[in-house]
Amino acid sequence: AQKVTQAQTEISVVEKEDVTLDCVYETRDTTYYLFWYKQPPSGELVFLIRRNSFDEQNEISGRYSWNFQKSTSSFNFTITASQVVDSAVYFCALSEEDRGSTLGRLYFGRGTQLTVWP
Amino acid sequence: NAGVTQTPKFRVLKTGQSMTLLCAQDMNHEYMYWYRQDPGMGLRLIHYSVGEGTTAKGEVPDGYNVSRLKKQNFLLGLESAAPSQTSVYFCASRAGRAQLQPQHFGDGTRLSIL
């Protein structure tokens, strides 16, 4: 079973629109960590944000904001006033507690391709 | 400010050939990982290491071997390449048990097996 589900495979918006990327996760641990990474067309993976399971405060960083809701096991990502440079694949990832079989590995969703048109 | 460096960046192999991908990190990180990325699949863990001299299997280890002889280096080997191993390979590292610390990724190696 997929531990991280990103149901939106592709999203297209026009510049200046707001867009929300959905992420739903599954874990039995009470302590876990959530991440978002950006993969621009150049291919590298860029870390955007991390959140631990005990911190449900939403976070805003410039045009980016994240909404973490444990009740719905979701960690959604919103880009406000999108720009062409936001075009990329965005990955949500989960890390569970360190233990012998997992040791900090990241479980990735399949990614959402965001295209922002001028 | 190197971070995680992967070599080579691109490679084309013929079926049955062998090769080694090198990952080097200069952040003194304990944990290192190898992932593969395939279209529509996200990243999947191949092998990982929690310290010099230790390695362990991840989600998709078949057809690969790894070694961590030095703390800063994590090698991924393909003994007999198969077309199914055509993929983009990413190496990552993380500082020990500090789970809130993100994994730092290399720029990837694009590997094609003909």
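Each chain has its residues counted from 1, following the order in which its sequence is written. Chains carry letters from A onward and ligands carry numbers from 1 onward, assigned in written order. Residues qualify for local features only when their pLDDT is at least 70, as the model is predicted, and side-chain atom pairs are given and counted only at 80 or more; totals for whole chains, interfaces and linings, by contrast, use all residues. Neither water nor hydrogens contribute to the side-chain values; these are computed over all heavy atoms in the structure.

Engineer: Explain the overall build of chain B to me, please; I cannot follow it from the model alone.
Structural biologist: When helices and strands are tallied, chain B shows zero helices and eleven strands. Ordering the α and β elements of chain B from the N terminus gives β-β-β-β-β-β-β-β-β-β-β. Compactness check: chain B gives a C-alpha radius of gyration of 13 Å against a globular reference of 13 Å for 114 residues, within 12% of the reference. Along the first, second and third principal axes, the C-alpha atoms of chain B reach 40 × 30 × 25 Å. Note on classification: 1.4 Å probe, protein chains only; a residue is buried when its accessible area is under 20% of the maximum for its type, exposed when over 50%, partly exposed between these limits. Here chain B, with 114 residues, has 49% of them falling under the buried criterion. We call two residues in contact whenever any of their non-hydrogen atoms come within 4.5 Å of each other. Nonlocal contacts in chain B, meaning residues at least 24 apart in sequence, comprise 54% of its contacts between residues at least 6 apart. Per-residue and other accessible areas were derived by the Shrake-Rupley procedure at a 1.4 Å probe size, with only the shown protein chains allowed to occlude residues. Working note: accessible area of chain B is about 5300 Å², and carbon and sulfur atoms make up 52% of it. Think of it this way: Lys and Arg go in the positive column, Asp and Glu in the negative one, and His and the chain ends go nowhere. Here the site of a charge means atom NZ of a Lys, CZ of an Arg, CG of an Asp or CD of a Glu. The average position of the 12 basic charges and that of the 8 acidic charges among the side chains of chain B differ by 2 Å. Secondary structure follows DSSP: runs of H or I at least 4 residues long count as helices, runs of E at least 2 residues long count as strands, and numbering of each begins at the N terminus. Taken over C-alpha atoms, the radius of gyration is set against a globule rule of 2.2 Å times the number of residues to the power 0.38.

Engineer: I keep staring at the interface of chain A and chain B and nothing clicks. Help me out?
Structural biologist: A common measure of how large an interface is: the accessible area buried when the components associate. Between chain A and chain B, the contact holds 26 residues from the first and 22 residues from the second. Criterion for a salt bridge: a side-chain nitrogen of Lys or Arg within 4 Å of a carboxyl oxygen of Asp or Glu. Across the chain A-chain B interface, the total number found is one salt bridge. Here a polar contact means two N or O atoms within 3.5 Å. Within protein one must be a hydrogen donor candidate and the other an acceptor candidate, and residues neighboring in sequence count only if both atoms are side-chain atoms. Viewed at the interface, chain B and chain A are joined by four residue pairs in polar contact (both at pLDDT 80 or more). Within the residue set of the side of chain A that touches chain B, elements represented by two or more residues are strand 5 (32-39), strand 6 (46-52) and strand 10 (88-96) of chain A.

Engineer: Whenever I open this one, the state of the cysteines confuses me. Can you help?
Structural biologist: Two cysteines whose sulfur atoms are joined by a covalent bond form what is called a disulfide. All names here are of chain B. Here, a disulfide means two cysteine sulfur atoms that sit within 2.5 Å of each other. Evaluation of the coordinates by the stated rule reveals two disulfides over all chains. Disulfide pairing places C23 opposite C91 at an S-S distance of 1.9 Å. Judged by the sign of its S-S torsion, about -75°, the cystine formed by C23 and C91 is left-handed. Placement of C23 in strand 3 (residues 19-25) and of C91 in strand 9 (residues 87-94) is noted, with a sequence separation of 68 residues between them.

Engineer: Would you mind going over the packing of aromatic side chains with me for this structure?
Structural biologist: The way to describe two aromatic rings as a pair is by their centre distance and the angle between their planes. Stacked, tilted and edge-to-face are the three classes assigned to paired rings of Phe, Tyr and Trp, where Trp is represented by its six-membered ring and a pair needs centres within 6.5 Å; plane angles under 30 degrees give stacked, over 60 edge-to-face, the rest tilted. Across all of its chains, the model carries 21 aromatic pairs over all chains by this definition. On the basis of an interplanar angle of 90° and a centroid distance of 6.1 Å, the ring pair of F91 of chain A and F108 of chain A is categorised as edge-to-face. Note that F91 of chain A is positioned in strand 10 and F108 of chain A in strand 11 (residues 107-108), a separation of 17 residues in sequence. Look at F91 of chain A and you get buried, because its relative accessible area is 1%. Aromatic pair Y64 of chain B and Y89 of chain B: ring centres 5.8 Å apart, planes at 65°, arrangement edge-to-face. With Y64 of chain B in strand 7 (residues 64-67) and Y89 of chain B in strand 9, this residue pair connects regions lying 25 residues apart in the sequence. Among the residues examined, Y64 of chain B registers a relative accessible area of 8% and is labelled buried. Given the relative accessible area of 0%, Y89 of chain B is considered buried. Through pairs of rings, three or more aromatic residues link up here, namely F35, Y37, F47, F91 and F108 of chain A together with Y33, Y35, Y48, F90 and F105 of chain B. Over the ring of Y107 of chain A we find K3 of chain A; its NZ or CZ atom is 5.2 Å from the centre of that ring. Two conditions define a charge located above a ring, namely a distance within 6 Å from the ring centre to NZ of Lys or CZ of Arg, and an angle within 35 degrees of the ring normal. Sitting over the ring of Y107 of chain A, R105 of chain A keeps its end group 3.9 Å from the ring centre.

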